[in-house]
Amino acid sequence: MDLPIRCDHMNRPQLTAVCVFCGSRDGINPNFVNASIALGQECAQRDIRVVYGGAGVGMMGAVAKAALDEGGAVTGIVPKFLTEMEPQLDGLTDVRLTETMHERKILMYKMSDAFVIMPGGIGTLDETMEILTWRQLQVHDKPVIIANLEGYWDPFLDLMEHVIGEGYAGENVRDLYRTVSTVEEILPAISEDLAALPTPSKIKP
Ligand code: AMP
């Protein structure tokens, strides 16, 4: 694995940082912004670092601001060109600047123990497909949780079934992600998935 899972001294996978992929817009459903706030708060309360794209806008900003307001740690990973286009969120506990989008993504993947997909647009879809593809290729074995709030991701899950049904992916593609329908289920689902993993390969440096 290129992205080994972080472990404690007993070689048990640890949940210390969660990468959140979600919209840079609020969207039209206020429940999703509220869910983002709840996720940020819960991460902070459980002492789990939020790793995300660094912006102060949309659902991304809502998760990060909520975690910070609750006294949590938040890492924003931003390509330099984006900081020139728009201001990033003030008060982040950790900011990493990268040269390119690809460097940004690999740093997000390295720094995180699991990935949460909240409602979002094409940026979120891009990150979701990449992290699932990398898991399929065994570049990592970190849990990926799709927060299918109010069925937002049903069309995406249907597309996955279509791809499997047409023979372009194996049935085991379904094992690359886990779907939950409420924000409260996200962190317990990650803990369960981490506990169910086979013996972790290496301790992350
Ligand atoms: P989207 O779903 O198209 O709104 O894009 C959201 C994803 O793309 C986030 O998870 C970010 O990593 C990235 N992204 C999109 N817009 C921004 C932005 N303004 N600042 C930082 N990252 C962004």
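Thresholds, definitions, all that
- Residues numbered from 1 in each chain as written.
- Predicted model: local features only at pLDDT ≥ 70, side-chain atom pairs only at ≥ 80, totals over all residues.
- Heavy atoms only, no water.
- Patch = residues over 30% accessible without salt bridge, like charges linked within 9 Å, V, L, I, M, F, W, Y side chains within 5 Å.
- Areas by Shrake-Rupley, 256 points an atom, 1.4 Å probe, with all protein chains shown as cover.
- Salt bridge = Lys/Arg side-chain N within 4 Å of Asp/Glu carboxyl O.
- Helix = DSSP H or I, 4+ residues; strand = E, 2+ residues; numbered from the N terminus.
- Pairing = 2+ DSSP bridges.
- Axes fitted to C-alpha atoms, helices over the stretch in contact; angles between N-to-C directions.
- Core = buried A, V, L, I, M, F, W, Y, C linked by side-chain atoms within 4.5 Å.
- Buried < 20%, exposed > 50% of the residue type's maximum accessible area, 1.4 Å probe, protein only.
- Near = heavy atom within 4 Å.
- Polar contact = N/O pair within 3.5 Å; in protein donor to acceptor, adjacent residues only side chain to side chain.
- Nonpolar A, V, L, I, M, F, W, Y, C, P; charged D, E, K, R; others polar.

1. Here's the deal with a nonpolar patch on the surface
A grouping of Phe81, Met85 and Met101 is seen on the molecular surface, where their side chains present a nonpolar patch of about 300 Å² in accessible area. Within the secondary structure, methionine 101 is located in helix H4 (residues 101-111).

2. A short note on the sheet that holds strand E3 (residues 74-79)
The strand order across the open sheet formed by seven strands is E4-E3-E2-E1-E5-E6-E7, and the pairing between neighbours is parallel. Since the sheet does not close on itself, it has two edges, and those belong to strand E4 (94-98) and strand E7 (178-180), each with one partner. The mean inter-strand angle of the sheet, taken between neighbouring strand axes irrespective of direction, is 25°. As paired elements, strand E1 (residues 17-21) and strand E2 (residues 49-52) share three bridges and run parallel to each other. By the bridge assignment, valine 18 is partnered in E2 with valine 50.

3. Examining the nonpolar core
Ranked by internal contacts, the top residues of the largest apolar core, which has 39 residues, are Met118, Ile186 and Ile190. It is helix H2 (residues 58-69) that contributes the most residues to this core, seven residues altogether. Ranked by size, the runner-up nonpolar core spans 25 residues in total, among them Cys19, Phe21, Ile117 and Ile131.

4. Focus: the site of the ligand
Around the ligand lies a shell of 15 residues, among which Ser24, Glu86, Gly121, Thr124 and Glu127 are the nearest. A distance of 2.7 Å is found between an oxygen atom of the ligand and a backbone nitrogen or oxygen belonging to glycine 121. Within the backbone of isoleucine 122, one N or O atom sits 3.4 Å away from an oxygen atom of the ligand. For the ligand, whose accessible area on its own is 480 Å², the fraction buried by protein is 86%. Top element by residues in the shell around the ligand is helix H5 (residues 122-136). It accounts for four residues. Among the residues making up the shell around the ligand, the classes are represented as five nonpolar, seven polar and three charged.

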